[in-house]
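# Examining the three-dimensional arrangement
Spelled out from the first residue to the last, the chains are:
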Amino acid sequence: MLEKTYQPAEIEPRIHGEWEKAEAFKAGRPDRQGDAAEPFTIVIPPPNVTGSLHMGHALNNTLQDVLCRFERMRGKDVLWQPGTDHAGIATQMVVERQMMERQEPDRRAIGRDTFVEKVWTWKEESGGVIINQLKRLGASCDWSRERFTMDEGLSRAVLKVFVELYRAGLIYKDKRLVNWDPKFQTAISDLEVVQVDSQGSFKWDRDSEEAFDAAALDKALARDPSGHMYHFRYPLTQKVDGYDKDYIVVATTRPETMLGDSGVAVHPEDERYAALLAAKATVTLPLVGREIPIVADEYSDPEKGTGAVKITPAHDFNDFEVGKRHNLEQINILDEIAQLNENAPEAYRGLDRFIARKRIVADMDAAGLLEKIEPTSHTVPHGDRSNVVIEPWLTDQWYVNAAELAKDAVKAVEDGRTRFVPKNWEKTYFEWMRNIQPWCISRQLWWGHQIPAWYGPDGQVFVATDEGEALAEALTHYVQNGTLTTERADEIARAGTADALLKRDEDVLDTWFSSGLWPFSTLGWPDETPELQRYYPTNVLVTGFDIIFFWVARMMMMGLHFMKEVPFHDVYIHALVRDEKGQKMSKSKGNVMDPLGVIDSFGADALRFTLSAMAAQGRDIKLSTQRVEGYRNFATKLWNAARFAEMNECVRKFDFDPAALDETLNKWIVGETERASAAVTTGLEAYKFNEAATAAYEFVWGIFCDWYLELIKPILNGDDEEAKAETRACVAWVLDQILKMLHPFMPFITEELWAHMVEHGEKRTSLLTLSQWPKLSELQNAEADAEIGWVVALISEIRSVRSEMNIPAGAKIPLVITGADKAARERADRHEDTIGRLARLDSISFDATAPKGAAMIVVGETTAAIPLEGVIDMEAERRRLAKEIGEAQGNLDKMDAKLANPNFVAKAKPEAVEETRERKAELEGIIKRLTAALRRLEAS
RNA sequence: GGGCACUUAGCUCAGCGGUAGAGCACUACCUUGACAUGGUAGGGGUCAGAGGUUCGAUCCCUCUAGUGCCCA
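The sections below set out a description of the structure shown in this document. (Residues numbered from 1 in each chain as written. Chains lettered and ligands numbered in written order. Predicted model: local features only at pLDDT ≥ 70, side-chain atom pairs only at ≥ 80, totals over all residues. Heavy atoms only, no water.)

We now examine the overall build of chain A. Scanning chain A from N- to C-terminus turns up 33 helices and 32 strands. Here the C-alpha atoms of chain A give a radius of gyration of 38 Å, more than 25% beyond the 30 Å that 2.2 N^0.38 yields for 940 residues. Projected onto the principal axes, the alpha-carbon positions of chain A cover approximately 115 × 80 × 60 Å. Counting only residues that meet the buried cut, chain A has 54% of its 940 residues in that class. Taking the intrachain contacts of chain A between residues at least 6 apart in sequence as the baseline, contacts between residues at least 24 apart amount to 77%. Carbon and sulfur atoms make up 47% of the accessible area of chain A, which totals about 41800 Å². Treating the 114 positive side-chain charges of chain A as one cloud and the 151 negative ones as another, the clouds have centres 3 Å apart. (Helix = DSSP H or I, 4+ residues; strand = E, 2+ residues; numbered from the N terminus. Rg over C-alpha atoms; globule rule 2.2 N^0.38 Å. Buried < 20%, exposed > 50% of the residue type's maximum accessible area, 1.4 Å probe, protein only. Contact = heavy atoms within 4.5 Å. Areas by Shrake-Rupley, 256 points an atom, 1.4 Å probe, with all protein chains shown as cover. Lys, Arg positive; Asp, Glu negative; His and termini not counted. Charge placed at Lys NZ, Arg CZ, Asp CG, Glu CD.)

Structural data, given as structure tokens:
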């Protein structure tokens, strides 16, 4: 016998063990190989190896799991490919922090090889906790195939891709501005930069009475170094006729960058500066003394500030472009930790950028060149992991020509080879892909795939999959150009190391370079494996919109280029999970809801069902524990329904055929079951998770538990053995269908109940997760639907009247059905016990007219009376009837108005007109009967 | 500034060219042999506002107001 309440914490680990024991989630199960089953593949968007499960993961993986379990039950050969990525910066950071805490020497002290070894040790010991958390969520991945982006095979894929793209000219080295993270001392991609709003508070103007107060500014900048616009006077090298001042005013939010200025730009049509442009005037850069040109460029906006902007090509993305157009010098004044370097005047060298900022403002004031400072609101780029201000910095980096690779990726979506669901996300995708910038793939880290590029003594680069190949190439090259003699080359070749000639590039590749290969590298590529053959392209990628650029874009580019086929047919973009107030969950706000905590309190099934039921397309999820609690209650409800079935010996029979039943109730419920399973199936096929979940919920609670189980109690307690046997078998059958249709959402409780449901008198040993998805047809029965609908309506009406008439819940009352036709009489006879039980009646009788002092009920064409003279408050009954008549009349008026409109009758769909006529007739009947009841009441 | 959404019951949200729905919350009653993590009944809505299309608009179109997100 089942326990009285459902205890998820007890059940979940055990069920998990059973799935593992049966290897239920393994792709290519013996019965599903080859033509026996269609493959269905999802690759997990690889979580970060340092990560732990947050609500976003919980949603993302719940949806993937729902799809996988659904398709697995539909007989497909499902591969849900799990794994993690190596998360370059994040992982290196975690290990370095750990070393610091243990007061061990830092990574530079122990050297690259030892450090990388340490990271591997960390990974083996503590990496991938998220994998176990995913298991707790119930994720049915093929865990035997778990992959890691730094695995041997995946690393081989990375090398091959790099070398091939290099040889195709799609990877190249370039000196450009990158987003430099001075904390981690590495380049990061645009996507790893977050814009943070800054709004300063300090204000000063040289026209004001007071002197500039450097200490006050310091104080403001201590809170936030950004948020101010500084206006400086740059003196003209020579006075120019036709221009009334001897200086030009420029504005900047980053004063320290002035040390790297190599020009001032004004708009070519800005009258104010025409004389300066005509005279090819220059300014002398204050504090530095460099003479720099004033150039005409449309980049400067005449409407903004003075219309003149300082140009610092080496420290600003826009200025970089302006500088290129005018051939301005690129002067890098910062080192890798954002301190002023030797290109700055001596007084500033070695200063941190923000110290220098304050010093420069003070020095400009001292020189009488500070015009004003005003608070401004602007966005400042920060590293998403380091949380420090990012510097645009001029370095040599490796780039992928993303614009070229993006062409095919765009086309594939235009052609519909890959489809976005919901469709509107393709706009975001197109927008991004059509404006894609060169992708900087080198990172100045030690943890990751080291770039397979070697440099000769003259800086010549040799890109190859391994050192030997690079060396061979280099030797040929240097012998050919005469740098090396053949003898010397042979000697180097024999040494077994390239050290004498080549030096390997120290940088590693962006983590996403390897993750972009995930849909095929995990299947064994570059080897031509059977898995690759069978499971690529994958069916769907499930992800949040914020990750379109990370996952979708890169996987599309790489997949199309190397596999010549899209990596996935569908991209399902789901919502973001927010807190109950609609705010993004974040650690700093302290509003994170820990999925594992939720699982502990309510069970994984409740969390999963909540996320599924709320996953409406195109809308974010505002999650509250109350909602989870509600679905936990649903699990309990299901549990108790199963318990009821068990208590009543509802066992599945060999010969049970849902299409051949005698009892109306059973005919009705199998039809409802068919409708529900069809709704769930349709919902899941269309990625409408909320519709699927709600359809199942509605059916299980609102129909099966609320009505069917209640309605059959008289049969189960009665002495019609045949009816009892059929009903028991039917309950068992419906419950089986319920467990199946709920399984994708609530795998644990359904699997547990499945095991408890005895089948043909034997304890069941097969697993639900490998059972067959309901495929029902031709179980609808209109007569049964009408009959049970009538019973349900009658019971509801009686209950309603009882409640409104304040008839005590415990009191049993008589019911007199008046004016019943043959059908109604038969129905009432057939379901006498049921109606009596659920409406708490002591008798049902028939009479031509209603007795005096009775409450009246109208259900369709049936009129019934509750004759309780003295018990019933006649005044209340009069009010109730009048109200019901009023409501019906209101509806009738609407129908009449429609039908009175000739345009409606002429132009509306015939079905709509017919429906309106039927409704009108129905309402008229109801009003007639209710009015008759009211008259009788008034007459008595 | 460019783009994408959203505005429906007290709250959170479904819905969608033809009787406005759910969960939670609320009110009243009920420990009846599966379930109080429950049952029964009930109250509560000019579907943001203004136009337009249509026989008919919460739904389609336009504008307005407000909110959120992404990208500059």
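More follows now that the structure is in view.
Let us now look at the packing of helix α20 (residues 595-602) against helix α21 (residues 604-614). Between α20 and α21, whose axes approach to 7 Å, the crossing angle comes to 120°. Classified by the interaxial angle, the pair formed by α20 and α21 is oblique. Contact with α20, carried on its side by P595, V598, I599 and F602, involves A604, A606 and L607 of α21 and no other residues of that element. Taken together, the residues of the contact of α20 with α21 break down into seven nonpolar, no polar and no charged. (Axes fitted to C-alpha atoms, helices over the stretch in contact; angles between N-to-C directions. Parallel < 35°, antiparallel > 145°, perpendicular 65-115°, else oblique. Nonpolar A, V, L, I, M, F, W, Y, C, P; charged D, E, K, R; others polar.)

The next thing to look at is the sheet that holds strand β8 (residues 204-205). A sheet is described by the order of its strands in space; here four strands give the open sequence β8-β15-β9-β10, paired in antiparallel fashion. Strand pairing shows two members of the sheet lacking a second neighbour, β8 and β10 (247-252), which therefore form its edges. Across six bridges, strand β9 (residues 228-235) lies against β10 in antiparallel orientation. Bridge pairing in β10 places H231 opposite A251. The strands that helix α11 (residues 353-366) touches are β8, β9 and β15 (370-375); relative to β9, the one it contacts most, it runs at about 45°. (Pairing = 2+ DSSP bridges.)

This part is about the packing of aromatic side chains. One pass over the structure, following the stated rule, counts 38 aromatic pairs. Summarising the aromatic geometry, the rings of Y243 and Y273 are spaced 6.2 Å apart at their centres and angled 35° between planes, so their arrangement reads as tilted. Residue Y243 is located in the loop between β9 and β10, and its partner Y273 is located in the loop between β11 (263-266) and α9 (274-278); the two are separated by 30 residues in the primary sequence. The pair Y243 / Y273 is uniform in exposure class, with both members buried. Their ring planes at 40° and their centres at 6.0 Å tell us that F656 and W733 sit as a pair that is tilted. With F656 in the loop between α22 (625-647) and α23 (664-685) and W733 in helix α26 (residues 721-742), this pair connects stretches of sequence that are 77 residues apart. Clustering of aromatic rings is evident, with ring pairs tying together F609, Y631, F634, Y697, W701 and F745. Over the ring of W19 we find R69, and its NZ or CZ is 4.3 Å from the ring centre. Taking NZ or CZ as reference, R825 lies 4.4 Å from the ring centre of F846, over its face. (Phe/Tyr/Trp six-rings, centres within 6.5 Å; stacked < 30°, edge-to-face > 60°. Lys NZ or Arg CZ within 6 Å of the ring centre and 35° of its normal.)

Over the atoms a probe the size of a water molecule is rolled, and this reveals where empty space is left. Here the second largest pocket is characterised by a volume of approximately 1200 Å³. For the second largest pocket, the lining is made up of 40 residues, of which T253, Y299, D316, N318 and H378 are closest to its centre. Sorting elements by how many residues they give to the lining of the second largest pocket places strand β16 (residues 377-383) first, with four residues. Across the lining of the second largest pocket, the residue classes tally to 14 nonpolar, 16 polar and 10 charged. (1 Å grid on protein atoms, 1.4 Å probe; cavity = no way out; pocket = protein on both sides within 12 Å on 5 of 7 lines; lining within 4 Å. Points joined across faces, edges and corners; volume = space filled by probe spheres on them.)

Time to look at unusual backbone geometry. Following V421, the chain continues into P422 via a peptide bond in cis, with omega recorded as -10°. Inspection of the secondary structure assignment puts P422 in the loop between β18 (419-421) and α13 (425-434). Y536 connects to P537 through a cis peptide bond whose omega is -5°. Mapped onto the secondary structure, P537 falls in the loop between α18 (530-535) and β25 (538-544). One non-glycine residue, E23, lies in the positive phi region at around 50°. Checked against the element boundaries, E23 lands in the loop between α1 (8-21) and β1 (39-43). According to the relative accessible area criterion, E23 is partly exposed, its value standing at 45%. Unlike most non-glycine residues, A87 shows phi in positive territory, near 45°.

By the secondary structure assignment, P438 is in the loop between α13 and β19 (439-440). Taking the relative accessible area as the measure of exposure, P438 reaches 28% and is therefore partly exposed. Between the alpha carbons of P438 and L770 there is a distance of 47 Å; along the sequence they are 332 residues apart.

For the rest of this paragraph, the subject is the pattern of salt bridges. On inspection of all chains with the given rule, the structure shows 55 salt bridges. The residue E71 makes a salt bridge to R74 at a minimum N-O spacing of 3.3 Å. R353 is the partner of E391 in a salt bridge, and the nearest nitrogen-oxygen pair spans 2.9 Å. Here the residue E391 occupies a position in strand β17 (residues 391-400), and R353 occupies one in helix α11, the gap between them amounting to 38 residues. In this structure, E391 and R353 share a single accessibility class: buried. Here the salt bridges share partners, and the residues they tie into one network are E71, R74, K76 and E685. (Salt bridge = Lys/Arg side-chain N within 4 Å of Asp/Glu carboxyl O.)

Worth remembering: the numbers are spatial, not functional.
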